[in-house]
Amino acid sequence: CYIGQYSDGTDVYLLTNTVNMLSYSPYVFTCYVEYETTTLFYEFFTKGGRPYYRNAEGYEGFVYDGNSPVAASIYNYVIAHY
């Protein structure tokens, strides 16, 4: 499932069959995305009741701070479909 682009213009796809819901309220889950020939692990969790993410490349932050449109797109997709 196409999810957006990284800042370098690389297309990112959520591997929907890898979404592992750990909690629905609040949404806590793990998943993988694919870009070019790379598969990357993401983890979504809560901190202070707000959604945060981290990925296997070491990026971490608040989902909606504007620094990672891909993380926000993943989170929004999962909310809408799970």
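In case you missed it, the structure is sitting above this.
Residues numbered from 1 in each chain as written. Predicted model: local features only at pLDDT ≥ 70, side-chain atom pairs only at ≥ 80, totals over all residues. Heavy atoms only, no water.

1. What about the side chain of Asn55?
For Asn55, the position within the fold is in strand 6 (residues 50-55). For Asn55, the side chain forms a polar contact with the main-chain nitrogen of Glu57, separated by 2.9 Å. (Helix = DSSP H or I, 4+ residues; strand = E, 2+ residues; numbered from the N terminus. Polar contact = N/O pair within 3.5 Å; in protein donor to acceptor, adjacent residues only side chain to side chain.)

2. What about the packing of aromatic side chains?
Per the stated rule, a full pass over the model turns up 15 aromatic pairs. Between Tyr2 and Tyr13, the ring centres sit 5.6 Å apart and the planes meet at 70 degrees, which makes this aromatic pair edge-to-face. With a gap of eleven residues between them, Tyr2 in strand 1 (residues 2-5) and Tyr13 in strand 2 (residues 11-14) connect regions that are remote in the sequence. The partly exposed category is assigned to Tyr2, whose relative accessible area is 45%. Residue classification places Tyr13 among the partly exposed residues on the basis of a relative accessible area of 35%. Between the aromatic rings of Tyr64 and Tyr75, the centroid separation amounts to 6.0 Å while the plane-to-plane angle is 85 degrees, which identifies the pairing as edge-to-face. On the criterion of sequence distance, the pair formed by Tyr64 in the loop between strand 7 (60-62) and helix 1 (69-81) and Tyr75 in helix 1 is long-range, its members being eleven residues apart. For Tyr64, a relative accessible area of 39% puts it in the partly exposed group. Aromatic ring contacts, followed pair by pair, group Tyr24, Tyr27, Phe29, Tyr42, Phe44, Phe45, Tyr52, Tyr53, Phe62, Tyr64 and Tyr75 into a single cluster. The side chain of Arg50 reaches across the aromatic face of Phe62, ending 3.8 Å from its centre. (Phe/Tyr/Trp six-rings, centres within 6.5 Å; stacked < 30°, edge-to-face > 60°. Buried < 20%, exposed > 50% of the residue type's maximum accessible area, 1.4 Å probe, protein only. Lys NZ or Arg CZ within 6 Å of the ring centre and 35° of its normal.)

3. Quick look at helix 1
Along its 13 residues, helix 1 runs 18 Å from first to last C-alpha, staying within 8% of the 18 Å computed at 1.5 Å per residue. Listed as buried for helix 1 are Val70, Ala71, Ala72, Ile74, Tyr75, Tyr77 and Val78. Structurally, helix 1 contributes buried residues whose contacts are with strand 1, strand 2, strand 3 (20-24), strand 4 (27-35), strand 5 (38-47) and strand 6. (Expected span 1.5 Å × (residues − 1). Contact = heavy atoms within 4.5 Å.)

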